[in-house]
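# Overview (structure and organization)
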Amino acid sequence: MTGKFENISRRPAVPPMWVWISTAIISLILLVLSVVTFPKITLQTFNAQRLKRFISYPGKMVSPSVAVLGTSLTEKAFYKDEAMERISESQGDGPMHFLRFTLDGGVLPDFHALLSAVIEARPDLICIESALFTVNFRGQSFRHYVFDRHRSYIRKCIKKILIHVPLVRKRYYLPTEFGRGNYKDPPFGKPKRLQQDRTAYRKNVRRMKIRSFADGKRYADLFNRAHHLGVRICLLDLPRSDDAWQLLSAGFKMSCRQLIAQYEHTYGVMYQAFSLHLTQEDFTDMAHLSARGRHRYSKWFIEQLPQLLKK
């Protein structure tokens, strides 16, 4: 009898079936809720009504109009709208009409309708974050991408609740809200600890894949439309820290550049590489620029404008 009790006690504890069923039901409910409540990506997400500023400017031929499109990397790299225009004038580069459109965590398909609307506003130059066309940061199938995006959204919703709880809120830094950067400039987050951020970025690098050139074919008509209207399009390099580049293989970087060259040759778009060297103080993490980094990048970009507008 003693042996029987010992055998029973040594058996691993297995949760009863109702626990598994309840967990599955709760997970399904959370996923459905995230699908229903997840903000749909529309022109309103980007606050695209700002494009009226381009159309209404009578001195457009004298003052160049420029739009930049990208992810949170672009948001942190550029001052927003009128602030960027003031920087241009303070540097003595003359007046400029500028609009910044960003989407935190955005991917290539998210920007199609926006780019179409921007082209129809006929700015002199449209700059698009080049990594959107070269890198699939999640390296997943569309089904897994949708699941991953909604899981991130659920986490963000939970954080929104936790930041209102005393003693707990200090542990949670809420990232840029969905589309918020198109209405006002969110504050820069606290710099992350380098080792912790490096570990997290290393995991992301493992998931990164080079995009297929076929992924951008949907944009072919828009590139042709821009060319017909005399709108220049430039794929713009956004810097990352030295630590981030060290985690990427030479083959990965070369494949990105070859893909860019295909876009240049096939669609006649331009590419502008970033030519300055930034230090760790210019970043809040492995990829996003700090306030100091933004100032250096924005100043550099304004210096490149005359050349880009002549190409």
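The model shown is predicted, which means the values in this text are computed figures rather than measured ones.

### So, a nonpolar patch on the surface
Taken together, the side chains of Val14, Met17, Trp20, Ile21, Ile25 and Ile29 define a hydrophobic patch exposed on the protein surface, amounting to about 660 Å² of accessible area. Within the secondary structure layout, Met17 lies in helix H2 (residues 17-37).

### Regarding the packing of helix H5 (residues 82-90) against helix H13 (residues 291-310)
Following both chains from N to C, one finds H5 and H13 inclined at 65°, their axes separated by 10 Å at the closest point. In terms of orientation, H5 lies roughly perpendicular with respect to H13. The way H5 lies across H13 gives a crossing that is right-handed. Contact with H5, carried on its side by Met84, Ile87 and Ser88, involves Ser298, Phe301 and Ile302 of H13 and no other residues of that element. In terms of residue class, the contact of H5 with H13 is built from four nonpolar, two polar and no charged.

### Side note on the confidence of the model for the protein chain
Chain-level pLDDT for the protein chain is 82 on average; 76% of the residues reach the 70-or-more range. The secondary-structure element of the protein chain with the lowest mean pLDDT is helix H1 (residues 2-10), recorded at 54, while strand S3 (residues 125-129) shows the highest, at 98.

### Concerning helix H10 (residues 220-229)
All of the buried residues along H10 are Ala220, Leu222, Phe223, Ala226 and Leu229. At its buried positions, H10 is contacted by helix H6 (112-120), helix H7 (131-134), strand S6 (232-236) and helix H12 (250-267). Count one or two residues on from H10 and you reach Gly230, which has phi positive near 80°.

Parameters and conventions
Residues numbered from 1 in each chain as written. Predicted model: local features only at pLDDT ≥ 70, side-chain atom pairs only at ≥ 80, totals over all residues. Heavy atoms only, no water. Patch = residues over 30% accessible without salt bridge, like charges linked within 9 Å, V, L, I, M, F, W, Y side chains within 5 Å. Areas by Shrake-Rupley, 256 points an atom, 1.4 Å probe, with all protein chains shown as cover. Salt bridge = Lys/Arg side-chain N within 4 Å of Asp/Glu carboxyl O. Helix = DSSP H or I, 4+ residues; strand = E, 2+ residues; numbered from the N terminus. Axes fitted to C-alpha atoms, helices over the stretch in contact; angles between N-to-C directions. Parallel < 35°, antiparallel > 145°, perpendicular 65-115°, else oblique. Left-handed = near helix turned anticlockwise from the far one by under 90°. Contact = heavy atoms within 4.5 Å. Nonpolar A, V, L, I, M, F, W, Y, C, P; charged D, E, K, R; others polar. pLDDT = per-residue confidence, 0-100. Buried < 20%, exposed > 50% of the residue type's maximum accessible area, 1.4 Å probe, protein only.

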